[in-house]
Amino acid sequence: MPAATPLSPQRRRFLTDTARMAGGCALAGGGLAWLARDARALPAEALRPPGALPEADFLGACIRCGLCVRDCPYDTLALAELGADGPATGTPFFTARDVPCEMCDDIPCVTACPTGALDPALTDIDEARMGTAVLVDQENCLNFLGLRCDVCYRVCPVIDEAITLELSHNTRSGHHAIFAPTVHAEHCTGCGKCEKSCVLPEAAIKVLPLRLARGAPAEHYRKGWEEMEEKGGPLVEGVIDLPDRLPGPGTDNLAAPGGFEPSFTLPAPGAGE
Amino acid sequence: MKEKTKLPVGVEAIRLKGWWQAHRFLLLRRLSQGFFLLLFLLGPWFGLWWVAGTLAGSRTFGILPLTDPLVLAQSLAAGHWPELTALIGALIVLAAYALIGGRVYCSWVCPINPVTDAAHWLHDRLGLQKGWQPKRHTRLWLLGTVLAVSALTGTVAWEAINPITMLHRGLVFGMGFAWALVALVFLFDLLVSRRGWCGHLCPVGAFYGLLGTHSLLRVSATRRAACDDCMDCFAVCPENHVIAPALRGKDGETPLILSPDCTNCGRCVDVCSVDVFAFTHRFDRRVEGPSSPPGPSRQTVA
Ligand code: SF4
Ligand code: SF4
Ligand code: SF4
Ligand code: SF4
Ligand code: SF4
């Protein structure tokens, strides 16, 4: 290094100014980043319009123009207002219990979006995944109580695929049936019509964002029965299919009352060689 | 100091040109600001959907897309490649402002401008100190910061607090607490920093300034020889550092106000009692009348 020459006053000033400015900007930028990231937590009851990119991408894509809101014929969508609504300021959302999405065939909201924050690749509204319905409260759902309300089932635009009534025995009355509204996330668009029309003062079925509504199987899990079907036979050759041990009378479970001896005995270890 | 310097700002112009003539561009500007706002309000208020959307992105007559290029730049920085519609919209806006002067947006369109103008008016009336005056290029740093934060967080970051789009969106869609931000800008300009927001901090203004660096439409101090040093233009100009190079230019130096900070508001044109300034294009380097030294009047007396 050359011998240290004293900085000229202009240069010193330039450097201090720059440092000061950079410091100020880092501070302001930090604050802004905090605000911008904070806005990422989309509240559970706020749903994005059909075709919305995953939330993290959506916040980088939506310019908050409101054209999707304007083109929704059912006034489903609204732009989040600062301090009044949960989602990031100015971004479009809807609340299923207030106004659900009517699943327009031509998806005008997506067509209106100039940026692709609502993905134009979505052309079939049945493919939309705004969230998924979950019967959150079996204890209050009228169908689960053994009545025939069925409203959520009947309003579903994807009836019998997204939501079905699963029959089971009503153990309370002993001689009635329970028609359990059962959502199949694979087909549910998250439109919210079921939540909107649930007759209870507080809906027993609610549309939740996928991140809350769904579990996920571990990467390495394989379902034996599916694999077997795919393969058309046992997965490991030469494995003996042992009889299923079920409790109760008529089974081979000796521990259960009424159990009986198995119809065959396993060879003792080392015996059959 | 000359006698005229001490007269209240604009009095001489009003006396010589009449009130209307001395407020021509100011009135036109307010009309323009109102007009652009009204365009967006026709839909929600009267069901007349000529223009839908907001300043961030809009659609006119169902076909013409317009997109705020800075908002789109943030989106790009955040890592999203937008659809063609938004890109075309941004290109149109870029081209328009590159031609007529980026900060024409500030003076003629931006809904915050009337707010900060009002703050400045009150500031003047109350005779307050100018307060904190950060360097003019602070806004460029903030512009860089805004883009950097967008890139780092992957969000359209500035839109989380941008008072301009918030006020506009608030008026067109619903305000929430956006008015508080607008009030903050007003109070900041009134109490903390004279012309602080638009003149020193606003990254949107900085962006449009950069955009208009080579713009065609310019104000020129064509008749600078007639200047009688009343200093009124300096008093009304929101970016008054842009005036001196043109007005005080020596022979052979351009009379054009070439600084991209000039907002083309035309207030200097209004307020000059001897009509030194005029709108023209950037290749018009005409200087009328005797140039400096301007006869016996200026340097000798001042
Ligand atoms: S699909 Fe139709 S009802 Fe649903 S949000 Fe879009 S425009 Fe509105
Ligand atoms: S139209 Fe697209 S960019 Fe505009 S607010 Fe809706 S989602 Fe955002
Ligand atoms: S949200 Fe409800 S109504 Fe809509 S598709 Fe899913 S189950 Fe059907
Ligand atoms: S500096 Fe910013 S707030 Fe001021 S008029 Fe220009 S864009 Fe609007
Ligand atoms: S120089 Fe004139 S036109 Fe430009 S900003 Fe100042 S007053 Fe407005």
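Every value quoted in this text rests on a predicted model; they were computed, and no experiment measured them. (Residues numbered from 1 in each chain as written. Chains lettered and ligands numbered in written order. Predicted model: local features only at pLDDT ≥ 70, side-chain atom pairs only at ≥ 80, totals over all residues. Heavy atoms only, no water.)

**Here's the deal with a negative patch on the surface**
As a reminder of what qualifies: Put simply, a patch holds well-exposed residues, over 30% relative accessible area, that have no salt bridge, with like charges counted together within 9 Å and Val, Leu, Ile, Met, Phe, Trp or Tyr side chains within 5 Å. Residue burial considers only the protein chains on display, and all accessible areas are found by Shrake-Rupley using a 1.4 Å probe. Think of a salt bridge as a Lys or Arg side-chain nitrogen and an Asp or Glu carboxyl oxygen that are within 4 Å of each other. A residue counts as positive if it is Lys or Arg and as negative if it is Asp or Glu; His and the chain ends are not included. A single reference atom marks each charge: NZ on Lys, CZ on Arg, CG on Asp, CD on Glu. By the criteria applied, helices consist of DSSP H or I runs no shorter than four residues and strands consist of E runs no shorter than two, each listed in order from the N terminus.
Residues Asp 105, Asp 106, Asp 124, Asp 126, Glu 127, Asp 160 and Glu 161 of chain A make up a contiguous surface patch of negative charge. Following the sequence through the fold, Asp 124 of chain A ends up in the loop between helix H4 (108-112) and strand E3 (132-135).

**So, the site of ligand 1**
Filter applied, for reference: Whether a residue is near a molecule or strand depends on its heavy atoms: if one lies within 4 Å, it is near. Charged means Asp, Glu, Lys or Arg here, nonpolar means Ala, Val, Leu, Ile, Met, Phe, Trp, Tyr, Cys or Pro, and polar covers whatever is left, Gly included.
The local shell around ligand 1 consists of Pro 50, Cys 72, Pro 73, Tyr 74, Thr 76, Leu 77, Cys 101, Glu 102, Met 103, Cys 104, Pro 108 and Cys 109 of chain A. Looking at side-chain class alone, the shell around ligand 1 contains ten nonpolar, one polar and one charged residues.

**A word on the interface of chain B and chain A**
Note the cut-off: Working rule for contacts: check all heavy atoms of both residues, and any pair within 4.5 Å makes them a contact. Buried surface area refers to the total accessible area, computed with a probe of radius 1.4 Å, that the two partners give up upon joining, counted for both partners together.
Across the boundary between the two partners, chain B contributes 47 residues, which contact 41 residues of chain A. Both sides together, the interface formed by chain B and chain A hides about 3300 Å², and carbon and sulfur atoms give 68% of it. Viewed at the interface, chain A and chain B are joined by two salt bridges. Put simply, Asp 71 of chain A and Arg 59 of chain B hold a salt bridge, and the shortest N to O gap is 3.0 Å. Looking at the side of chain B that touches chain A, the elements with two or more residues in it are strand E1 (51-54), strand E2 (57-60), helix H3 (69-77), helix H4 (84-100), helix H7 (138-153), helix H8 (163-173) and helix H9 (178-192) of chain B. A breakdown of the residues in the side of chain B that touches chain A according to their chemical character gives 26 nonpolar, 16 polar and five charged.

**Focus on the site of ligand 4**
Residues and elements named next belong to chain B. Neighbouring residues of ligand 4: Arg 103, Tyr 105, Cys 106, Cys 110, Ile 112, Asn 113, Ile 164, Trp 197, Cys 198, Cys 202, Val 204 and Gly 205. Elements represented by at least two residues in the shell around ligand 4 include exactly helix H5 (104-109), helix H10 (196-201) and helix H11 (203-211). Here the shell around ligand 4 is built from residues that sort into nine nonpolar, two polar and one charged.

**Section: a nonpolar patch on the surface**
Nonpolar side chains collect at one region of the surface, where Leu 38, Trp 45, Phe 46, Leu 48, Trp 50, Phe 61, Ile 63, Leu 64, Leu 84, Ile 88 and Ile 92 of chain B lie side by side and expose about 1100 Å² of accessible area between them. For the nonpolar patch, the secondary structure elements donating two or more residues are helix H2 (24-46) and H4 of chain B.

**Quick look at the nonpolar core**
Threshold: Residues belong to one nonpolar core when they are buried, are Ala, Val, Leu, Ile, Met, Phe, Trp, Tyr or Cys, and are joined through side-chain atoms within 4.5 Å. In this scheme, a residue with accessible area under 20% of its type's maximum is buried, one over 50% is exposed, and one in between is partly exposed, where area comes from a 1.4 Å probe on protein chains only.
Ranked by size, the top nonpolar core spans 60 residues in total, and within it Tyr 105, Leu 247 and Phe 277 of chain B carry the most contacts. Those residues in contact with Phe 277 of chain B that lie beyond four places of it in its chain are Val 219, Ser 220, Ala 221, Cys 233, Ile 243, Leu 247, Ile 257, Cys 268, Val 269 and Cys 272 of chain B. Ala 96, Leu 135, Cys 156 and Leu 165 of chain A belong to the second-largest nonpolar core, a separate cluster that totals 43 residues.

**Details of the state of the cysteines**
Residues and elements named next belong to chain A. Note the cut-off: Our working definition of a disulfide is a cysteine sulfur pair at a distance within 2.5 Å.
Using the criterion set out here, one finds zero disulfides over all chains in the structure. Free cysteine: Cys 149, not disulfide-bonded; nearest cysteine sulfur from Cys 152 at 6.2 Å. Residue classification places Cys 149 among the buried residues on the basis of a relative accessible area of 18%.

**What to know about the side chain of Thr 67 of chain B**
Put simply, the rule is: Polar contacts, as used here, are pairs of N or O atoms within 3.5 Å; protein pairs need one atom able to donate a hydrogen and one able to accept it. Residues neighboring in sequence count only if both atoms are side-chain atoms.
Tracing the backbone through its elements, the reader meets Thr 67 of chain B in strand E3 (residues 64-67). There is a polar contact of 2.9 Å between the side chain of Thr 67 of chain B and the backbone oxygen of Ala 86 of chain B.

**Description of the pattern of salt bridges**
Counting across every chain of the model gives 20 salt bridges over all chains. The shortest N-O distance in the salt bridge between Asp 17 of chain A and Lys 135 of chain B comes to 3.6 Å. Here Asp 17 of chain A is found in helix H1 (residues 9-38), whereas its partner Lys 135 of chain B is found in the loop between helix H6 (113-125) and H7 on a different chain. Owing to a relative accessible area of 34%, Lys 135 of chain B belongs among the partly exposed residues under this scheme. Asp 229 of chain B is the salt-bridge partner of Arg 248 of chain B, the closest N and O atoms lying 2.8 Å from each other. Of the two residues, Arg 248 of chain B sits in the loop between helix H13 (243-247) and helix H14 (267-271) while Asp 229 of chain B sits in the loop between strand E4 (217-220) and helix H12 (232-236), which places them 19 residues apart along the sequence. The class for Asp 229 of chain B is buried, based on a relative accessible area of 6%. Counted as one network, the salt bridges with shared partners bring together Arg 103, Arg 136, Arg 139, Glu 239 and Asp 261 of chain B.

**Notes on the confidence of the model for chain B**
A low pLDDT means the predicted coordinates there should not be read in detail. All names here are of chain B. The cut-off we apply is this: pLDDT runs from 0 to 100 and stands for how confident the predictor is about each residue.
For chain B, per-residue confidence averages 92 on the pLDDT scale, and residues scoring 70 or more make up 94% of the total. Low confidence marks residues 291-302, where pLDDT is under 50. Its contacts with residues over four positions away, or in another chain, come to 18 contacts. Two summary scores accompany this predicted model of the complex, namely pTM at 0.87 and ipTM at 0.90.

**Considerations on unusual backbone geometry**
In this model, Asp 75 of chain A sits at a positive phi of 55°, which is unusual for a non-glycine residue. Within the fold, Asp 75 of chain A resides in the loop between helix H3 (67-71) and strand E1 (78-79). You will see that Asn 264 of chain B, though not glycine, has its phi angle at about 55°, which is positive.

**Points about the side chain of Asn 143 of chain A**
With respect to the helices, strands and loops of the structure, Asn 143 of chain A is situated in the loop between E3 and helix H5 (151-155). Dropping the residues within four chain positions of it, Asn 143 of chain A is found in contact with Arg 148, Cys 149, Asp 150, Leu 165, Ile 178, Phe 179 and Pro 181 of chain A.

**A short note on H6 of chain B**
All names here are of chain B. Rules: For a helix, the expected span equals 1.5 Å multiplied by the number of residues minus one.
For H6, with 13 residues, the first-to-last C-alpha span of 18 Å sits near the 18 Å given by 1.5 Å per residue. Listed in full, the buried residues belonging to H6 are Asn 113, Val 115, Thr 116, Asp 117, Ala 119, His 120 and His 123. In this structure, the buried side of H6 is in contact with H2, H5, H8, H9, H10 and H12. Gly 127 sits one or two positions beyond H6 and adopts a positive phi of about 60°.

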